[in-house]
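Remarks on the overall topology
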Amino acid sequence: MNQAAFTLRGRNPDVLSCIANLSNDEVFTPPEFANRMLDTLAEAWAADNDGANIWADPSVKFLDPCTKSGVFMREITKRLIDGLEPQMPELQARVDHILTRQVYGIGITELTAMLARRSLYCSKHANGPHSISRGFNSETGNVWFERVEHTWEKPNEENKGKCIFCGASSSTLDRGDDRESHAYAFIHTDNIQERVSALFGGDMHFDVVIGNPPYQLDDGGHGTSAAPIYHKFVEQAKALDPRYLTMVIPSRWFAGGKGLDDFRKSMLEDNRLRSINDYLSAADVFPGVGLKGGVCYFLWDKDHPGDCRISTNFKDWPVSEATRPLLENGVEIFVRFNEGVSILKKVMQVETGQEETLVLPDDQRFDTMVSSRKPFGLTTTFKGKKTPKDNDLKVYQNGGVGFTPKETIKAGLHLIDGWKIFTGRAAPGTGNRDTYPHKIISTPFIGEPASISSETYLCIGPFSEKEQAQSALSYLGCRLTRFLILLHKPSQDTTRRVYTFVPKQSWDRQWTDEALYEKYGLTDEEIAFVEKIVRPMDLDLFDNLADD
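Sequence positions are assigned chain by chain, starting from 1 and proceeding in written order. Restriction of local features to residues with pLDDT of at least 70 applies here, the model being predicted, together with a cutoff of 80 or more for giving and counting side-chain atom pairs; totals for whole chains, interfaces and linings are based on all residues. Values reported for side chains reflect all heavy atoms of the structure, with hydrogen atoms and water molecules removed beforehand.

**Looking at the overall build of the chain**
Secondary structure elements follow DSSP: runs of H or I of four or more residues count as helices, runs of E of two or more count as strands, with numbering from the N terminus. Of the regular secondary structure elements, the chain holds 15 helices and 17 strands. Over its C-alpha atoms, taken along the principal directions, the chain stretches across nearly 90 × 60 × 40 Å. Note on classification: 1.4 Å probe, protein chains only; a residue is buried when its accessible area is under 20% of the maximum for its type, exposed when over 50%, partly exposed between these limits. Looking at the 548 residues of the chain, the share that counts as buried comes to 54%. Should any heavy atoms of two residues lie within 4.5 Å, those residues are counted as being in contact. Counting contacts in the chain only where the partners sit at least 6 residues apart, residues at least 24 apart contribute 71% of the total. Each accessible area is a Shrake-Rupley estimate made with a 1.4 Å probe; only the visible protein chains count as cover when residues are assessed. For the chain, the computed accessible surface area is about 23900 Å², with 47% contributed by carbon and sulfur atoms. Neither His nor the chain ends contribute to the count of charged residues, in which Lys and Arg are positive and Asp and Glu negative. Where a charge lies is defined by one atom per residue type, namely NZ (Lys), CZ (Arg), CG (Asp) and CD (Glu). Distance between charge centroids for the chain: 4 Å, based on 63 positive and 77 negative side chains.

**A short note on the sheet that holds strand 7 (residues 244–250)**
Each pair of strands is called paired provided DSSP finds at least two bridges between the two strands. Taken in spatial order, the 9 strands line up as 3-2-1-4-7-9-8-10-11 in an open sheet, and their pairing is mixed. The open sheet has two edge strands, strand 3 (143–144) and strand 11 (320–324), and neither has a second partner. Only C-alpha atoms enter the line fits that serve as axes; for helices the fit covers just the stretch in contact. Angles between N-to-C directions range over 0 to 180 degrees. Sheet strands in contact with helix 2 (residues 71–83) are strand 1 (62–67), strand 2 (103–107), strand 3 and strand 4 (208–211), and its direction is about 175 degrees off that of strand 2.

**Some thoughts on the environment of Val 295**
Relative to the helices and strands, Val 295 is located in strand 9 (residues 295–301). Note: C-alpha distance between Val 295 and Asn 277 (18 residues apart in sequence) is 8.6 Å. In this structure, Val 295 is in contact with Val 248, Ile 249, Pro 250, Ser 251, Asn 277, Asp 278, Tyr 279, Ala 282, Val 285 and Phe 286, ignoring residues within four places of it in sequence.

**A closer look at the packing of aromatic side chains**
Within 6.5 Å between ring centres, the rings of Phe, Tyr and Trp (the latter by its six-membered ring) count as paired, and their orientation is classed by plane angle as stacked under 30 degrees, edge-to-face over 60, tilted in between. Counted according to the given criterion, the structure contains 32 aromatic pairs. Judged by centre distance (4.8 Å) and plane angle (70 degrees), the ring pair of Phe 254 and Phe 334 falls under edge-to-face. Here Phe 334 lies in the loop between strand 11 and helix 9 (338–352) and Phe 254 lies in the loop between strand 7 and helix 8 (261–268), a separation of 80 residues in the sequence. Here Phe 334 falls in the buried class, since its relative accessible area comes to 1%. Taking 6.4 Å as the distance between ring centres and 55 degrees as the angle between the ring planes, the aromatic pair formed by Phe 422 and Tyr 457 counts as tilted. On the criterion of sequence distance, the pair formed by Phe 422 in strand 14 (residues 419–424) and Tyr 457 in strand 17 (residues 457–463) is long-range, its members being 35 residues apart. Through a chain of ring-to-ring contacts, the aromatic side chains of Phe 366, Phe 463, Tyr 475, Tyr 499, Trp 507 and Trp 511 assemble into a single cluster. Between the NZ or CZ atom of Lys 532 and the centre of the ring of Trp 317, over which it lies, the distance is 4.4 Å. Only Lys NZ and Arg CZ are tested; either one counts as a charge over a ring when it is within 6 Å of the ring centre and within 35 degrees of the ring normal.

**Comments concerning helix 7 (residues 230–239)**
The periodicity of an α-helix, 3.6 residues per turn, causes residues three or four positions apart to be oriented the same way. Among the residues of helix 7, those classed as buried are Tyr 230, His 231, Phe 233, Val 234, Gln 236 and Ala 237. Among the residues trailing helix 7, Asp 241 stands out with phi positive, at a value near 60 degrees.

**Points about the environment of Tyr 517**
You can see Tyr 517 is positioned in helix 13 (residues 513–520). Judged by relative accessible area, which is 7%, Tyr 517 ranks as buried. As for Tyr 517 and Gly 70, which are separated by 447 residues in sequence, their C-alpha atoms are 50 Å apart. Setting aside residues no more than four positions away along its own chain, Tyr 517 makes contact with Arg 479, Leu 480, Leu 522, Ile 527, Val 530 and Glu 531.

**Structural notes on the sheet that holds strand 13 (residues 400–405)**
In spatial order, the strands read 13-12-16; together these 3 strands make up an open sheet with mixed pairing. In the strand order of this sheet, the two ends are held by strand 13 and strand 16 (451–453), each with one partner. Across the sheet, the mean angle separating the axes of adjacent strands is 35 degrees when strand polarity is ignored. Two strands pair when backbone bridges link them, and strand 12 (residues 392–397) and strand 16 are joined in this way by 3 bridges, in the parallel orientation. By the bridge assignment for strand 16, Val 395 is matched with Ile 452.

**Details of helix 2**
In a helix, the anticipated span is given by 1.5 Å times the number of residues less one. The terminal C-alpha atoms of helix 2 lie 18 Å apart, and with 13 residues this matches the ideal 18 Å at 1.5 Å per residue to within 8%. In terms of burial, helix 2 is largely enclosed, as 11 of its 13 residues are buried.

**Quick look at unusual backbone geometry**
With the exception of glycine, the majority of residues adopt a negative phi angle, and the majority of peptide bonds are in the trans configuration. Omega for the peptide link from Tyr 436 to Pro 437 comes to 0 degrees, which places this bond in the cis form. Among the secondary structure elements, Pro 437 is positioned in the loop between strand 14 and strand 15 (445–447). For the bond running from Gly 461 to Pro 462, omega is 0 degrees, close enough to zero to count as cis. Checked against the element boundaries, Pro 462 lands in strand 17. Positive phi, close to 70 degrees, is recorded for Asn 391, a residue that is not glycine. Judged by its relative accessible area of 68%, Asn 391 falls in the exposed class.

**Examining the nonpolar core**
Core analysis: the biggest nonpolar cluster contains 94 residues, and Phe 200, Trp 253, Ile 276 and Phe 298 have the highest contact counts within it. If you tally residues by element for this core, the top one is helix 1 (residues 31–48), at 8 residues. Phe 298 has contacts with Val 234, Leu 245, Thr 246, Met 247, Ile 249, Met 267, Leu 273, Ser 275 and Ile 276, leaving out every residue within four places of it along the chain. Core analysis: the next-biggest nonpolar cluster, separate from the first, contains 53 residues, Ala 255, Val 370, Ile 421 and Cys 478 among them. Buried Ala, Val, Leu, Ile, Met, Phe, Trp, Tyr and Cys residues that are joined via side-chain atoms within 4.5 Å together make up what is termed a nonpolar core.

**Here's the deal with the packing of helix 2 against helix 4 (residues 110–121)**
The N-to-C vectors of helix 2 and helix 4 enclose an angle of 15 degrees; their axes lie 8 Å apart at closest approach. By the angle class used here, helix 2 and helix 4 are roughly parallel. In this structure, helix 2 meets helix 4 at a crossing whose hand is right-handed. Of helix 4, the residues touching helix 2 (which contributes Met 73, Arg 74 and Thr 77) are Ala 116, Ser 119 and Leu 120. Any residue that is not Ala, Val, Leu, Ile, Met, Phe, Trp, Tyr, Cys, Pro, Asp, Glu, Lys or Arg is counted as polar, Gly included; the first ten are nonpolar and the last four charged. Here the contact of helix 2 with helix 4 is built from residues that sort into 3 nonpolar, 2 polar and 1 charged. Should an angle lie under 35 degrees it is considered roughly parallel, over 145 roughly antiparallel, and from 65 to 115 roughly perpendicular; all remaining angles are considered oblique. Put simply, a crossing is left-handed when the front helix is turned counterclockwise from the back one by less than a right angle, and right-handed when it is turned clockwise.

Right, here's the structure in full:
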């Protein structure tokens with residue numbers, strides 16, 4: 001079979017920078033960003049190996065376990081072609097060595113596997129007439145894909161439940177052989193070493209695992225419920241015991257994410273996680289993608305534990321860099337902003353007299369005043385009567401106000417007769433992108449005695465006097481207060497948990513940022529950072545509420 005001679009041609013534009021994403025869950029990685037990740041990898045390799053060049057090592061094996069466009073494999077190959085030239089001067093022999101012995105991938109769908117082969121081999125068939133490699137006997141080469149099925153909890157029942165490996169819902173993804181199953185081979189096994197050996201043969205060991213995994217799948221919950229799955233790719237990759245692991249994933253795992261508590265704990269307690277490059281807006285990495293909460297890529301280095309280098313990026317802001325522990329004492333989440341750590345420590349020093357732990361005593365925790373979801377037992381779809389009767393309660397509900405008899409309410413009874421504050425469960429929207437500064441929480445408002453709310457709102461209180469509620473309201477309006485909320489807030493969902501770092505105050509004055517900055521001793525630089533992140537709230541609100 002005649003095969004095309006290998007040549008490198010400059011193409012402008014790069015087709016992999018132009019293709020549309022499959023969805024917000026299966027996102028193509030731009031070549032420029034893939035190269036940032038490879039630069040980070042190369043720097044770590046050099047630092048760990050006396051300045052050695054990873055691209056000049058013919059023994060290093062790379063795996064992309066969730067390849068879509070093939071961009072990681074293509075860019076790795078381009079670097080190896082240059083790096084190995086001194087020891088392998090014949091171009092075709094060098095290319096064949098790289099593609100048959102160093103670069104491997106697992107497609108997530110049949111389509112993306114073909115696309116990846118086209119990117120890597122310049123042909124959808126590795127052994128085709130247009131392939132740049134002469135070393136393959138198979139069409140797939142080292143980019144594997146075969147359809148895999150989900151393993152349902154109850155395979156013999158009409159409702160088969162969820163997949164035991166990825167949690168996908170059978171009601172959504174048990175849909176026949178003519179449609180993609182989205183059962184990704186890399187995470188649909190309880191022995192990844194055996195799976196990889198079966199795919200690529202022999203006692204295969206990868207030095208580097210790199211990729212951009214699918215982010216979530218429909219889990220059959222209420223409405224458009226979806227569960228993250230990217231963490232399963234990270235866990236499986238670690239189980240392969242590579243020397244280095246680097247992946248780009250959503251940043252929500254820092255402080256939240258459905259079912260991610262164990263993953264977050266394992267990541268934050270793992271001192272082999274050596275760098276995190278965090279992007280506050282996913283649009284800065286994936287143009288046009290609506291992925292709230294930002295994205296990050298990390299580098300895991302098996303043999304060189306230590307503190308983690310954190311880099312925070314947003315548009316044209318200066319990059320914030322610091323090397324620090326992933327976990328602060330007493331904290332179960334990752335404090336996202338480097339500047340936030342010093343501010344948080346100052347707040348805790350004033351409130352507790354110590355900086356060693358970032359935990360407020362129970363009697364100083366603002367979150368003890370914040371209700372759980374459905375503070376009065378009413379769902380967000382509840383609609384009260386339009387016209388009140390005697391002794392009815394006013395209900396702040398989605399879309400306005402209604403009324404309901406007091407005897408129908410069985411939860412939150414201690415809140416009904418006091419003054420209180422209502423604030424939306426969902427933070428104010430910023431479209432499908434993260435922007436700064438923003439308000440962090442929906443504009444809170446005072447609820448009078450005999451008022452309640454549906455699940456649309458959380459309830460804060462109770463307060464015995466209106467003036468106390470107004471004081472607490474002014475505190476929530478302060479930028480510093482809402483910055484402390486942001487440090488524990490992974491998404492638009494504003495639950496009681498996001499108030500963990502917020503201390504109580506005395507409710508006998510109108511609070512201002514100037515008073516809080518002075519109380520906690522913030523520097524001019526720290527004040528400027530808070531005000532760059534958090535928008536002011538309309539202070540006229542407080543003046544209006546002060547009127548009887």
